[in-house]
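Okay, here's what each chain looks like letter by letter:
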Amino acid sequence: MKKLFSLTNLPPFLKNQVLRWIALALTVLSIFGLVVSFLYDWKSGVLFLVFVCSLLSYIFKKMNDLSISTDNYISDLSYRMHRGEQETLLEMPVGVLMISETGAIEWVNPYLTPYFGDRDLLGKTVEEVNEELSDILENNWDNPDYATVKWEGHYFTMLIQKEYRTIYMMDITKYYQIEKDYNDEKIAVGQVFLDNYDEITQSMTDQEISNLNNYVTNELTIWAQKFGFFIKQVDEDHYIMMAYSKVLKDIEDDKFSILDEIRESTSKQNYPVTLSIGIAYGEDNLNDLSEQAQSDLDLALGRGGDQVVVKAKDHEARFYGGKTNPMEKRTRVRARMISQALQELFKEADTIFVQGHSQPDMDSIGACLGIHRLAKMNNKHCYVVIPDGTFHSDVQRLIDKTKEDKNLADDIITPDEALQLADDNSLLIMVDHSKPSMSVSEDLYNRLESKVMIIDHHRRGEEFPENPVLVYIEPYASSTCELITEMFEYQSQDAEPVSKLEATAMLTGIFVDTKQFTLRTGTRTFDAASYLRSAGADSEEMQQFMRENPDAYMARMHLISMAKVVEGHENMMYVAGEEDKIYDPVTAAQAADSMLNMSGVEASYVISHRPDNLIGISARSNGEVNVQRVMEELGGGGHLSSGATQIADKTIEEVEQMLLDSINEVKSEEAPEESEDN
């Protein structure tokens, strides 16, 4: 009986719970209606009974048909869905690879099978079947996002579902190639400039100038034809170039060898010409590219010329060349023009502030005192911003001496005092540096960033004030004091002359930066030194400033005693200071200078903890090794023969390894050029 009334023996519509309740409700209502009808009149009851039976029979039949139809539809739909799933896995244009926990291949859909060739797959590990794919999966196994990978000469978008151990791969080679072609065919715009054309041609005959122009133009044209880009001369010393991004990459791989070819060839003819190139890419707007290319050229020239700057907007610059010392190419006309422009700025300003870099040296302090004197010559009040703290013995002696001078003491102020005194009509002059982050007071720079002038002799870096009102950067100069000294000659003869202390400080700055007139020294350097000597610079007091105290001397000797040869580079030495000992930056720099006096040493590096909790590297060379490029790799800068950087949140050991890696990287970049020269 139980089996008879089980759900499996019921009509199809009664297997549905909802329809059962509807049928039950209709039956109950019908019975209730029949009872009422028979109580009222048996004849009416009989008629109502016939009607109810007919109606219920019809309704139950339709409900049964509906239930059967629904069941058939669901069954068919389920079958088609199941079959669709199977066909989708087999036919869809996406590769599916399932692997077991042991790494064995459990299933591969037909789309992915051809990429494996005729190899047997099931039951074998991915590594056994294809090592390349195994490495790809290993490198991307923990990546929850889509990844673009190259396998068997094809490019795929790959997604790995770790929980299901399933890999999905879609071949996007066609679209990847379209994107690559699009990027390769983007336009790059370049500006090519002959650095010292005016200076070279001043003493040449018309025929020699014509020959030089023909030679340079011919070499640049051959260079353009070799790589397949457009170049056009727009002035005697100026060319414009346009290239595809793909071509630009090829030129970069060549390291812009055209710079060396033209420099070396013209040098043999006794008229050495150097090129500076600025190239911009990555923009669709040609006007924006042109502006960026000009900015890149300015950066190359600001770094001393004879080099290339390749840079896209909001991206880091890439530098090539810059292996030679900048040539002296400034005339007295430029010094006079800068001096006159500075006078105009003085007239427009209510108050002048001058500051050097945060770790002042003799050149920085001397330059500040020189600007202070220039302001006085123009009847303007100038404040010299000196950081708080104690400095190396020579710098400290000079600062103490200035504070004892009644004409200077009141104008020596701290960064906090400068911020209180600054207003919208103030002028800030940054000397001996161009990076705001290196300033004595970056807050003062931010306060007066629309009224900033820069006077510096270091190569310009990527970090630079956005809109300075006047820039005087001459990388060839020995020191900032030299540049400022030349301005004195163009001031009013009625103005109060340079004081003995100011002249001594500035001459000391030149003396220290040129290593006693042995490095980066030109005729202008001696002219400036002669002027300062005639203005009263005291050589004995200068020697007093430069005397080391016993502790600094012993610290320098201790650093030198730890010197080691850079592995693989017998001409380089470096020192890694102790983790628990702090050295004055000047002491570290002096140690690097002293190491150059050793036989066979062409470059030296000193790593040490600084008082500001950073780790500093001081780099020096005799000009044969470009230490600036090594320092730029580590976020610093400087000159070809002098550089430095500061690194935060690292240990001495970590910085030591970073330095060695940077040296090897720079040398490896230069190696092809050196081998070609040989």
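Please read these numbers as outputs of a predicted model, since none were measured by experiment.

Visitor: What am I meant to see in the overall build of the chain here?
Guide: Across its full length, the chain carries 23 helices and 23 strands. A principal-axis box enclosing the C-alpha atoms of the chain has dimensions of 145 × 60 × 55 Å. Taken over 678 residues, the chain has a buried fraction of 47%. Considering only contacts in the chain between residues 6 or more positions apart, those separated by 24 or more positions represent 62%. Averaging the locations of the 61 positively and 114 negatively charged side chains of the chain gives two centres separated by 5 Å.

Visitor: Looking at this structure, I do not really get the pattern of salt bridges. What am I missing?
Guide: What the rule picks out here adds up to 16 salt bridges. Ionic pairing is found between K347 and E344, a salt bridge with its closest N-O pair at 3.6 Å. You can see K347 and its partner E344 sitting in helix α11 (residues 332-348), three residues apart, about one turn around the helix. The structure contains a network of salt bridges with shared partners spanning D260, R263 and D306.

Visitor: Looking at this structure, I do not really get the environment of Y383. What am I missing?
Guide: Along the chain, Y383 turns up in strand β13 (residues 381-385). On the basis of relative accessibility, which here comes to 14%, the residue Y383 falls in the buried class. Linking Y383 and E541, residues 158 residues apart in sequence, is a C-alpha distance of 24 Å.

Visitor: Where do I start with the nonpolar core in this structure?
Guide: One broad trend across soluble globular proteins is that nonpolar side chains are buried collectively. The biggest cluster of nonpolar side chains holds 56 residues, and the ones touching the most others in it are I371, L374, I429, V431, I455 and I484. No other element matches helix α12 (residues 362-377), which puts nine residues into this core. The residues contacting I371, other than those within four sequence positions of it, are L342, V354, C382, I429, V431, I455 and I484. In terms of nonpolar packing, the next biggest core, distinct from the first, is built from 35 residues, A243, Y281, V308 and A312 among them.

Visitor: I tried to follow the side chain of T266 on my own but got confused; where do I start?
Guide: Structurally, T266 is set in helix α9 (residues 258-268). Polar contacts involving the side chain of T266 include one to the main-chain carbonyl oxygen of I262, which spans 2.7 Å. In terms of polar contacts, T266 uses its side chain to reach the backbone amide nitrogen of V273, at 2.9 Å.

Visitor: How should the sheet that holds strand β11 (residues 318-321) be read in this particular structure?
Guide: Read from one edge of the open sheet, six strands run β7-β8-β6-β9-β10-β11, paired in mixed fashion. The open sheet terminates on both sides in strands that have one partner only, identified here as β7 (230-235) and β11. Direction aside, neighbouring strands of the sheet carry axes that sit 15 degrees apart on average. Relative to β11, strand β10 (residues 307-312) is paired through four bridges, and the arrangement is antiparallel. Within β11, the position partnered with Q307 by the bridge is G321.

Visitor: I tried to follow the confidence of the model for the chain on my own but got confused; where do I start?
Guide: A low pLDDT means the predicted coordinates there should not be read in detail. Looking at the chain, pLDDT values average 83 and 90% of them are 70 or higher. Residue range residues 1-7 is modelled with pLDDT below 50. Its contacts to residues more than four positions away, or to other chains, number four contacts. Segment residues 672-678 is flagged for pLDDT under 50; beyond a separation of four residues in sequence, or across chains, it makes five contacts in the model.

Visitor: Just checking my understanding: could you explain the side chain of E656 for this structure?
Guide: Tracing the sequence through the fold places E656 in helix α23 (residues 652-677). A residue is classified by how much of its surface remains accessible, and E656, at 16% relative accessible area, is buried. Looking at E656, its side chain comes within polar contact range of the side chain of Y574, at 2.7 Å.

Visitor: Got a minute to help me understand unusual backbone geometry in this structure?
Guide: Comment: phi is negative for the bulk of residues other than glycine, and the bulk of peptide bonds are trans. In this structure, F256 takes a positive phi of about 55 degrees despite not being glycine. Tracing the backbone shows F256 in the loop between α8 (245-253) and α9. Positive phi, normally seen in glycine, also occurs at D649, with a value near 60 degrees. One can find D649 in the loop between β23 (642-647) and α23.

Visitor: So what exactly am I meant to see when it comes to the pairing of strand β15 (residues 426-431) here?
Guide: In summary, the side chains of a regular strand alternate between the two faces of the sheet. For β15, the tally of buried residues reaches six of six residues, placing the bulk of the element in the interior. As defined by bridge partners, strand β12 (residues 351-355) adjoins β15 across five bridges and the pair is classed as parallel. The residue bridging I352 from the neighbouring strand is L427, located in β15. With four bridges joining them, β15 and strand β16 (residues 452-456) adopt parallel strand pairing. Pairing of I429 across the sheet is with M453, part of β16.

Visitor: Looking at this structure, I do not really get the environment of D494. What am I missing?
Guide: The topology assignment puts D494 in the loop between α16 (480-488) and α17 (500-513). Take D494: its relative accessible area is 76%, and that puts it in the exposed class. Taking the C-alpha atoms as reference points, D494 and M377, 117 residues apart in sequence, are found 8.5 Å from one another.

Visitor: Help me understand the packing of aromatic side chains, please; the structure alone is not making it clear to me.
Guide: Both the distance between ring centres and the angle between the ring planes are used here to describe each pair of aromatic rings. Using the criterion set out here, one finds 13 aromatic pairs in the structure. Between Y155 and Y176 the ring centres are 3.7 Å apart and the planes differ by 15 degrees, which places this aromatic pair in the stacked class. With Y155 in strand β4 (residues 154-161) and Y176 in helix α5 (residues 173-184), this residue pair connects regions lying 21 residues apart in the sequence. Ring pairs connect the aromatic residues Y111, Y115, F116, W151 and F156, which therefore count as one cluster.

Visitor: Explain the state of the cysteines to me, please; I cannot follow it from the model alone.
Guide: Disulfides are covalent bonds that connect the sulfur atoms of two cysteines. Counted according to the given criterion, the structure contains zero disulfides. Free cysteine: C368, not disulfide-bonded; nearest cysteine sulfur from C382 at 8.3 Å. Of all cysteine sulfurs, the one in C368 lies closest to C481, which takes part in no disulfide; the gap is 9.0 Å.

Basis of the calculations
Residues numbered from 1 in each chain as written. Predicted model: local features only at pLDDT ≥ 70, side-chain atom pairs only at ≥ 80, totals over all residues. Heavy atoms only, no water. Helix = DSSP H or I, 4+ residues; strand = E, 2+ residues; numbered from the N terminus. Buried < 20%, exposed > 50% of the residue type's maximum accessible area, 1.4 Å probe, protein only. Contact = heavy atoms within 4.5 Å. Lys, Arg positive; Asp, Glu negative; His and termini not counted. Charge placed at Lys NZ, Arg CZ, Asp CG, Glu CD. Salt bridge = Lys/Arg side-chain N within 4 Å of Asp/Glu carboxyl O. Core = buried A, V, L, I, M, F, W, Y, C linked by side-chain atoms within 4.5 Å. Polar contact = N/O pair within 3.5 Å; in protein donor to acceptor, adjacent residues only side chain to side chain. Pairing = 2+ DSSP bridges. Axes fitted to C-alpha atoms, helices over the stretch in contact; angles between N-to-C directions. pLDDT = per-residue confidence, 0-100. Phe/Tyr/Trp six-rings, centres within 6.5 Å; stacked < 30°, edge-to-face > 60°. Disulfide = S-S within 2.5 Å.

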